[in-house]
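Here's the letter readout for the chains.
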Amino acid sequence: MPKYLKTSSKNFEKEFYDILENKAELSDEVDIAVRRIVKEVRAKGDTALINYTNKFDINKLTIETIKISLDEIDNIFDKCDKETIEALLFAYKRIYAHHSKNLPKDHQYIDELGVELGTRWTPIESVGIYVPGGKANYPSSVLMNAVPAIVAGASRIAMAVPSMNDNLNPLVIAAAKICGITEIYKIGGAQAIAALAYGTETIEAVDLIVGPGNKYVAAAKKQVFGKVGIDMIAGPSELLVIGDSESNVNWIAADLIAQAEHDEEAQSIFVTTNPEIAKQVDKAVASLLENNLKDSIANKSWKNKGVIILCNSDQEIVNIVNKIAPEHLELNVNNVEYYEKNIRNAGAIFKGIYTPEAIGDYVAGTNHVLPTARSARYTSGLGVMNYMKRTSIITCNSDNLNLLAPKAIQIARAEGLHAHAESLAIRLNIDNLRSKI
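The model shown is predicted, which means the values in this text are computed figures rather than measured ones.

Asker: Residue-level account of the pairing of strand S3 (residues 116-123), with values.
Answerer: Here 4 bridges tie strand S2 (residues 107-110) to S3, and the two strands are oriented antiparallel to one another. Counterpart to Tyr 109 in the pairing with S3 is Leu 117. Of the strand pairs in this sheet, S3 and strand S14 (residues 388-395) are connected by 8 bridges, and their pairing is antiparallel. Following the sheet pairing, Glu 116 is matched in S14 by Thr 395.

Below you can see the structure in the form of structure tokens.
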């Protein structure tokens, strides 16, 4: 049974707080183990990378076989189901089109003092994409991570994907080929993140690492941050659905279960002001699980992480959602516009009964790599901006420098940075200012 909360209950605040704080965190044991792996790969390069890869992935890789050849990529692609390839191409085109509209533009202007100011955007040159090889082995994630980098103009994309027991997911390789990725390594885990961050004799280091993974991958990304950039520390997936008296409870139940099947730690939440709808949704989920998915991951997720919250008003729902800051938010209600206007914290919002979250996972065009564990309060989903950097441009002439510098000199002196003041004053014909430095 899922947790059932009522905002009218005297214990609601404590129970709700427990839900907010009940997020999987990296343990000290994982952190210590990963630190050892990262340190060894950094020091010993290919030797450590091969040893750890063969140990954890039960492989017999060598330096010569760690990279997938172009012929191997083509052979794998040719053997994939043609209809699925067409679907991936369809998704690729939609994701590319959407992200192309989000490209930032350079700009410059001259202010009232005649100073020329501007911003220039340039792509991150080298990107490493991590693709999981366990439960979350999805070709769609290859598209979601790679396409924004392509749109941004990254000149190099290297992909790491573990080949557990020497097996690769063919569609993951096919998705990489669709994206034009030819640099693919059969490596996974913390050792793959270390190799991408620091480089080895075989693998050149990258500037940015993106992509989800297990707790060891997450810990490794956290540890190498600073040496390279990272997208985010992804946690278990989340969906919050808001329903009302007009909702189709079977549709909502299907959406909640779809989210729950990602992982036993995934969380599905249903929120409403209608007690009868809350009961019907709970019953519909139980029925679907009992009849079709009794021993599934989804069943375990709903049982251990599922939540139903009964609120007294629409405003209460808004407050609840903004505190949870869900990765995915479905507005399965009549007053969609009210909620869209007032909810500030959500990774992605799916408006109306004909917009299930699953459409965003594949072909809507938006990105399904979204902030989890309440991080939608302060960050956004993956997009073109993650693969670009902003450079400020400033141009002064002698006239406007004479107007600006005195104030800058005053601030520099106040901060005790006299060399700063001198570097400004030396350019000016203001003797009285220089004499005070």
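Asker: Break down the nonpolar core for me, with residues and values.
Answerer: Ranked by internal contacts, the top residues of the largest apolar core, which has 45 residues, are Val 127, Ile 129, Leu 143, Met 159, Ile 173, Ile 181 and Ile 184. Listing elements by their share of this core, those giving two or more residues are helix H4 (70-79), helix H5 (82-100), strand S4 (126-130), helix H6 (139-152), strand S5 (156-160), helix H7 (170-178) and strand S7 (208-210). Ranked by residue count, the leading element in this core is H6, at 8 residues. Judged by nonpolar contacts, the second largest core, of 31 residues, contains Ala 192, Ile 193, Ala 194 and Ile 203.

Asker: Describe the sheet that holds strand S1 (residues 3-6), listing the residues and the values that go with them.
Answerer: Here 6 strands make up an open sheet; going across it, the order is S1-S11-S10-S9-S12-S13 and the pairing parallel. The two strands at the open ends of the sheet, each matched to only one other strand, are S1 and strand S13 (348-351). Taking the axes of each pair of neighbouring strands and ignoring which way they run, one obtains an average angle of 15 degrees across the sheet. Running over the sheet, helix H11 (residues 275-292) touches S1, strand S10 (267-272) and strand S11 (307-310) and is turned about 155 degrees from S10.

Asker: So what's going on with the packing of aromatic side chains? Residues and values would help.
Answerer: Aromatic ring pairs are reported here in terms of the distance separating the ring centres and the angle at which the planes meet. Enumeration over the complete set of coordinates arrives at 5 aromatic pairs. Where Trp 251 meets Tyr 354, the ring centres are 5.6 Å apart and the plane angle is 65 degrees; that geometry is what we call edge-to-face. A residue pair is termed long-range when its members are at least 10 positions apart, and Trp 251 in helix H10 (residues 249-260) and Tyr 354 in the loop between S13 and helix H15 (357-362) qualify at 103 residues. On the basis of relative accessible area, Trp 251 is assigned to the partly exposed category, the value being 38%. A centroid spacing of 5.3 Å and a plane angle of 75 degrees characterise the contact between Tyr 338 and Tyr 339, whose relative ring orientation is edge-to-face. Among the residues examined, Tyr 338 registers a relative accessible area of 29% and is labelled partly exposed. Note on Tyr 339: relative accessible area 1%, which makes it buried. Above the ring of Phe 77, the side-chain terminus of Lys 177 is found at 5.6 Å from the ring centroid.

Asker: Which residues make up empty space enclosed by the protein, and what are the values?
Answerer: In this structure the tally under the stated criterion is 1 cavity of 30 Å³ or more. Estimates place the volume of the largest cavity at around 40 Å³. For the largest cavity, the full set of lining residues is Lys 3, Ile 19, Asn 22, Gln 267, Asn 304, Lys 305, Gly 306 and Val 307. Its residues placed into classes, the lining of the largest cavity shows 2 nonpolar, 4 polar and 2 charged.

Asker: Now, about a nonpolar patch on the surface: what can you tell me, with residues and values included?
Answerer: Residues Leu 113, Leu 403 and Leu 404 make up a contiguous nonpolar surface patch of about 250 Å² in total accessible area. Among the secondary structure elements, Leu 403 is positioned in helix H16 (residues 398-414). Residue classification places Leu 403 among the exposed residues on the basis of a relative accessible area of 53%.

Asker: Before we move on, can you summarise the state of the cysteines with the specific residues and values?
Answerer: Enumeration over the complete set of coordinates arrives at 0 disulfides. Cysteine Cys 80 is unpaired, with the sulfur of Cys 179 as its nearest cysteine sulfur at 13 Å. Residue class for Cys 179 comes out buried when judged on its relative accessible area of 9%.

Asker: Talk me through unusual backbone geometry; I want residue IDs and the actual numbers.
Answerer: One non-glycine residue, Ile 58, adopts positive backbone phi at about 55 degrees. Structurally, the position occupied by Ile 58 is in the loop between helix H3 (46-57) and H4. According to the relative accessible area criterion, Ile 58 is exposed, its value standing at 55%. The phi dihedral of Asn 165 falls on the positive side, at around 55 degrees, and the residue is not glycine.

Asker: Residues and numbers for the sheet that holds S14, please.
Answerer: Strand order in the open sheet made by the 3 strands is S2-S3-S14, with antiparallel pairing throughout. This sheet does not close on itself; its edge strands, each paired only once, are S2 and S14. Neighbour-to-neighbour, the strand axes of this sheet turn through a mean angle of 15 degrees, independent of strand direction.

Asker: Account for the layout of surface pockets, with residues named and values stated.
Answerer: The volume enclosed by the second largest pocket comes to roughly 310 Å³. As for the second largest pocket, its lining consists of 19 residues, of which Gly 347, Ala 348, Thr 366, Asn 367 and Leu 370 are closest to the centre. At 3 residues, the largest contribution of residues to the lining of the second largest pocket is made by S13. Looking at the lining of the second largest pocket, its residues break down into 9 nonpolar, 10 polar and no charged.

Asker: Can you tell me about the side chain of Glu 327, naming the residues and giving the values?
Answerer: Within the secondary structure, Glu 327 is located in the loop between helix H13 (314-324) and strand S12 (328-332). Leaving out residues up to four positions away in the same chain, Glu 327 has contacts with Pro 236, Ser 237, Glu 238, Gln 259, Ala 346, Gly 347, Ala 348, His 368, Leu 370, Pro 371 and Thr 372.

Asker: Describe in detail the environment of Val 142, supporting the description with residues and values.
Answerer: Tracing the chain through its elements places Val 142 in helix H6. Residue class for Val 142 comes out buried when judged on its relative accessible area of 0%. It is 9.9 Å that separates the C-alpha atoms of Val 142 and Ile 181, two residues lying 39 residues apart in sequence. With residues near it in sequence (within four places) discarded, Val 142 still touches Val 131, Met 159, Val 172, Ala 175, Ala 176 and Cys 179.

Thresholds applied
- The written sequence of each chain sets the order in which its residues are numbered from 1.
- It should be noted that, the model being predicted, local features are given only for residues of pLDDT at least 70 and side-chain atom pairs only at 80 or more, the latter also being counted only at that level, while totals for whole chains, interfaces and linings use all residues.
- Think of the side-chain values as coming from all heavy atoms in the structure, minus any hydrogens and water.
- Two strands are counted as paired when DSSP detects at least two bridges linking them.
- Where helices and strands are cited, they refer to DSSP runs of H or I of at least four residues and of E of at least two residues respectively, numbered from the N terminus.
- Side-chain atoms within 4.5 Å are what join buried Ala, Val, Leu, Ile, Met, Phe, Trp, Tyr and Cys residues into a set we call a nonpolar core.
- Partly exposed residues are those whose accessible area sits between 20% and 50% of the maximum for their type, while under 20% is buried and over 50% is exposed, using a 1.4 Å probe and protein chains only.
- An axis is simply a line fitted to the C-alpha atoms; with a helix, the fit covers only the stretch in contact. Between two such axes, the angle follows the N-to-C directions and lies from 0 to 180 degrees.
- For this analysis, residues touch if any pair of their heavy atoms sits within 4.5 Å.
- Pairing of aromatic rings covers Phe, Tyr and the six-membered ring of Trp, with a centre-to-centre limit of 6.5 Å; geometry is then stacked below 30 degrees between planes, edge-to-face above 60, and tilted otherwise.
- Placement of a positive charge over a ring is assigned whenever Lys NZ or Arg CZ falls within 6 Å of the ring centre and within 35 degrees of the normal to the ring plane.
- Lining residues are defined by having an atom within 4 Å of a point belonging to a cavity or pocket. Those points lie on a 1 Å grid over the protein atoms alone, cavities being sets where a 1.4 Å probe fits but cannot get out and pockets being open sets with protein on both sides within 12 Å along at least five of seven lines.
- Grid points are joined across faces, edges and corners, and a volume is the space filled by probe spheres set on the points.
- Under the scheme applied, nonpolar residues are Ala, Val, Leu, Ile, Met, Phe, Trp, Tyr, Cys and Pro; charged residues are Asp, Glu, Lys and Arg; polar residues are all the others, including Gly.
- Here, patches come from residues exposed beyond 30% relative accessible area and free of salt bridges, joined within 9 Å for like charges and within 5 Å for nonpolar side chains (Val, Leu, Ile, Met, Phe, Trp, Tyr).
- Throughout, the Shrake-Rupley method with a 1.4 Å probe supplies accessible areas, and for residues the shown protein chains are the sole cover considered.
- By definition here, a salt bridge exists when the distance from a side-chain nitrogen of Lys or Arg to a carboxyl oxygen of Asp or Glu is within 4 Å.
- By disulfide we mean two sulfur atoms from cysteines, separated by a distance within 2.5 Å.

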